[in-house]
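The chain contents come next:
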Amino acid sequence: MKANAEDEIILSSLPIERGFAFHSMYLFQEFWCPSTLIEGVKIFHKQFQAKESDIFVASFPKSGTTWLKAITFAIVNRQSFSSIDNHPLLTSNPHQLIPFIEIMCRDDADWPSTEPRVFGTHTPLPSLPNSIMECNCKIIYICRNPFDIFVSAWIFFDNIKQESLTPLKIEEAFEMYCNGIIEFGPWWSHMVGYWKESLAKPDKVLFLKYEDLKDDANFQVKRIAEFLGFPFTQEEENNQVIESISKLCSFEEMKNLEVNKSGLLFPSVENKSFFRKGESRDWVNYFSPSMTEKLSQIMEEKFGESEMTT
Ligand code: A3P
């Protein structure tokens, strides 16, 4: 897929800011899009044709995307890899098995030839192509406590940041985060967009929480499989297939795989950077009382009484 000349946006007319990891991000369709991805996002938005059987793993960065990709891949492909010994998740990072669609569009990558096609996306809901919104394909969205997202993002983006970009002090990064200035931010509108759609169209969008997956992965794996139309049979349940998927995709298992300890996803992005602590509430080790107060206030303003995040 290629962008049409008439679709070209004059980037210089868009607001621009430095990101956590990228020299420049453009405020494109009301979200901060890294300059290196804007071409892919535009092509995705304008040209992508969804199929009824497509599945999209959607998330704000650092919300548990890698985990949900692993679980989704394991659920959808379980007939082909019934033996755990030769499972692709043992030798490939989940982002290789379920690539980001913005990157595929940008790089004019080959599309999967088998169905269902499963893609990852960080694009906010209003910028998804009409074909996704109009057909019966499925979206699973993972949301995480914004306190934990901030810490995870600050550390991750510092690891993968573009060369010559100065590191952000935690206070500087926090100020940007509170203003919504972060790759694919603002984080609140990203979450609210998918949350509202999941309420309006519960058969189309499944809204998951990182913390719920931590609490009871087996229950959530079963729920995801049912939502995607790949429910477990009684025989599979008796054979502990749900438990083995949860175990295969658990933080401890994934982090200790050779591919995730040493491989590279992109030239400057190590697979290991996607597996840091894998815990809830690690933020308490980083936040000062004033940071806690400020972010709590923003969440109250943006989310109100909704139980969107934990
Ligand atoms: P921390 O930095 O808090 O450890 P994403 O996949 O969206 O980039 O999010 C990365 C976060 O999810 C990181 O959080 C990472 O450690 C955590 N993570 C990755 N794989 C996980 C898994 N299998 N189980 C739980 N958490 C996982």
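The written sequence of each chain sets the order in which its residues are numbered from 1. Side-chain atom pairs in this predicted model are given and counted only at pLDDT of 80 or more, local residue features only at pLDDT of at least 70, and totals for whole chains, interfaces and linings cover all residues. With hydrogens and water excluded, all non-hydrogen atoms of the structure serve as input to the side-chain values.

The protein carries the name Desulfoglucosinolate sulfotransferase A/B/C in an unreviewed UniProt entry, which gives Vigna unguiculata as its organism.

A. Geometry of the overall build of the protein. In DSSP terms, a helix is any run of H or I states spanning at least four residues, a strand is any run of E spanning at least two, and both are numbered starting from the N terminus. Helix and strand content of the protein: 15 helices and nine strands. Scaling as 2.2 N^0.38, a compact globule of 310 residues should have a C-alpha radius of gyration of about 19 Å, and the protein matches this with 19 Å. Its C-alpha atoms give the protein principal-axis dimensions of about 55 × 50 × 40 Å. A buried classification covers 54% of the 310 residues belonging to the protein. Contact between two residues is taken to exist if any of their heavy atoms lie within 4.5 Å; hydrogens are not considered. Here the contacts in the protein between residues at least 6 apart in sequence split such that 72% fall between residues at least 24 apart. Methods summary: accessible areas were calculated by the Shrake-Rupley approach with a probe of 1.4 Å, and residue burial reflects only the protein chains presented. About 14400 Å² of surface is accessible on the protein, with carbon and sulfur atoms providing 50% of the total. Charge centroids of the protein, computed over 30 positive and 44 negative side chains, lie 2 Å from each other. Each radius of gyration is computed over the set of C-alpha atoms, and the globule rule expresses the reference value as 2.2 Å times the number of residues to the power 0.38. The cut-offs for exposure are 20% and 50% of the maximum accessible area for each residue type, with area from a 1.4 Å probe on protein chains only; residues under the lower value are buried, those over the upper are exposed, and the others partly exposed. Counting rule applied: Lys, Arg positive; Asp, Glu negative; His and chain ends not counted. Where a charge lies is defined by one atom per residue type, namely NZ (Lys), CZ (Arg), CG (Asp) and CD (Glu).

B. The sheet that holds strand β2 (residues 25-28), seen in detail. By the convention used here, strands pair only if DSSP detects at least 2 bridges between them. If you trace the three strands from one edge of the open sheet to the other, you get β1-β2-β3, paired in antiparallel fashion. Lying at the two open borders of the sheet, with one neighbouring strand each, are β1 (16-17) and β3 (31-34). Two strands pair when backbone bridges link them, and β2 and β3 are joined in this way by four bridges, in the antiparallel orientation. Residue pairing in the sheet places Leu27 in a bridge with Trp32 of β3.

C. How the structure looks around the site of the ligand. Near, as used in this document, describes a residue that has one of its heavy atoms within 4 Å of the molecule or strand being considered. By nearness alone, 17 residues border the ligand, and Lys62, Thr65, Thr66, Ser152 and Lys277 come closest of all. Contacts described as polar in this section are N or O atom pairs within 3.5 Å, which, within protein, must combine one atom able to donate a hydrogen with one able to accept it, while residues neighboring in sequence count only if both atoms come from side chains. With respect to the ligand, the side chain of Lys62 contributes an N or O atom lying 2.6 Å from an oxygen atom. One of the side-chain nitrogen or oxygen atoms of Thr65 is found 2.5 Å away from an oxygen atom of the ligand. Look at the ligand: alone it shows 560 Å² of surface, and the protein chains cover 98% of it. At three residues, the largest contribution of residues to the shell around the ligand is made by helix α2 (residues 65-76).

D. A look at helix α8 (residues 187-200). The end-to-end C-alpha distance of α8 is 20 Å, a good match for the 20 Å that 14 residues give at a rise of 1.5 Å each. Across the 14 residues of α8, ten count as buried, placing the element largely inside the fold. Within the span of α8, buried status applies to Trp187, Trp188, His190, Met191, Val192, Gly193, Tyr194, Trp195, Glu197 and Ser198. To estimate how far a helix should reach, multiply one less than its number of residues by 1.5 Å.

E. The side chain of Ser24, seen in detail. Structurally, Ser24 is set in the loop between β1 and β2. With relative accessibility at 17%, the residue Ser24 sits in the buried group. Not counting residues within four places of it along the chain, the set of residues in contact with Ser24 comprises Ile16, Glu17, Cys33, Pro34 and Ser35.

F. The arrangement of the packing of helix α7 (residues 170-178) against helix α15 (residues 289-303) in detail. Lines fitted to the C-alpha atoms define the axes, with helices restricted to the stretch that makes contact. Angles between their N-to-C directions range from 0 to 180 degrees. The N-to-C vectors of α7 and α15 enclose an angle of 15°; their axes lie 11 Å apart at closest approach. The pairing of α7 with α15 is recorded here as roughly parallel in orientation. Note on packing geometry: the crossing formed by α7 with α15 is left-handed. Contact residues: α7 offers Ile170, Phe174, Glu175, Tyr177 and Cys178, while α15 offers Met291, Lys294, Leu295 and Ile298. An angle counts as roughly parallel when it lies under 35 degrees, as roughly antiparallel when it exceeds 145, as roughly perpendicular when it falls between 65 and 115, and as oblique in every other case. Each helix crossing is assigned a hand: it is left-handed if the near helix lies turned anticlockwise from the far helix by less than a right angle, otherwise right-handed if that turn is clockwise.

G. Fine view of the packing of aromatic side chains. In summary, the pairing rule links any two rings of Phe, Tyr or Trp, Trp by its six-membered ring, whose centres are within 6.5 Å, and it sorts them by plane angle into stacked for under 30 degrees, edge-to-face for over 60 and tilted for everything else. Applying the stated criterion across every chain yields a total of 29 aromatic pairs. Taking 5.5 Å as the distance between ring centres and 80° as the angle between the ring planes, the aromatic pair formed by Trp283 and Phe287 counts as edge-to-face. The residues Trp283 and Phe287 share a single accessibility class, namely buried. Between the NZ or CZ atom of Lys62 and the centre of the ring of Phe156, over which it lies, the distance is 3.3 Å. Put simply, a charge is over a ring when the Lys NZ or the Arg CZ is close to the ring centre, within 6 Å, and near the line of the ring normal, within 35 degrees. The side chain of Lys69 reaches across the aromatic face of Phe100, ending 3.4 Å from its centre.

H. The arrangement of the packing of helix α6 (residues 146-160) against α7 in detail. Viewed as axis vectors pointing N to C, α6 and α7 meet at an angle of 130°, and their least axial separation amounts to 11 Å. In terms of orientation, α6 lies oblique with respect to α7. α7 is crossed by α6, and the crossing has right-handed handedness. Between α6 and α7, the contacting residues are Pro146, Ile149, Phe150 and Trp154 on the first element and Ile170, Ala173, Phe174 and Tyr177 on the second. When residue character is reported, Ala, Val, Leu, Ile, Met, Phe, Trp, Tyr, Cys and Pro are called nonpolar, Asp, Glu, Lys and Arg charged, and the others, Gly included, polar. Residue classes in the contact of α6 with α7 are distributed as eight nonpolar, no polar and no charged.

I. Region of interest: the pattern of salt bridges. When a carboxyl oxygen of Asp or Glu lies within 4 Å of a side-chain nitrogen of Lys or Arg, that pair is called a salt bridge. In total, this model carries 13 salt bridges according to the counting rule given. Here Lys294 and Glu175 are joined by a salt bridge, their closest N and O atoms 3.3 Å apart. Taken together, the residues Lys294 in helix α15 and Glu175 in helix α7 connect sequence positions 119 residues apart. The partly exposed category is assigned to Lys294, whose relative accessible area is 31%. A cluster of three or more residues bridged by salt bridges with shared partners is formed by Arg276, Lys277 and Asp282.

J. Quick peek at the confidence of the model for the protein. As a per-residue measure, pLDDT tells how confident the predictor is, with possible values from 0 to 100. Chain-level statistics for the protein give a pLDDT mean of 95 and a share of 97% at 70 or above. With a pTM of 0.96, the predicted complex shows an ipTM of 1.00.

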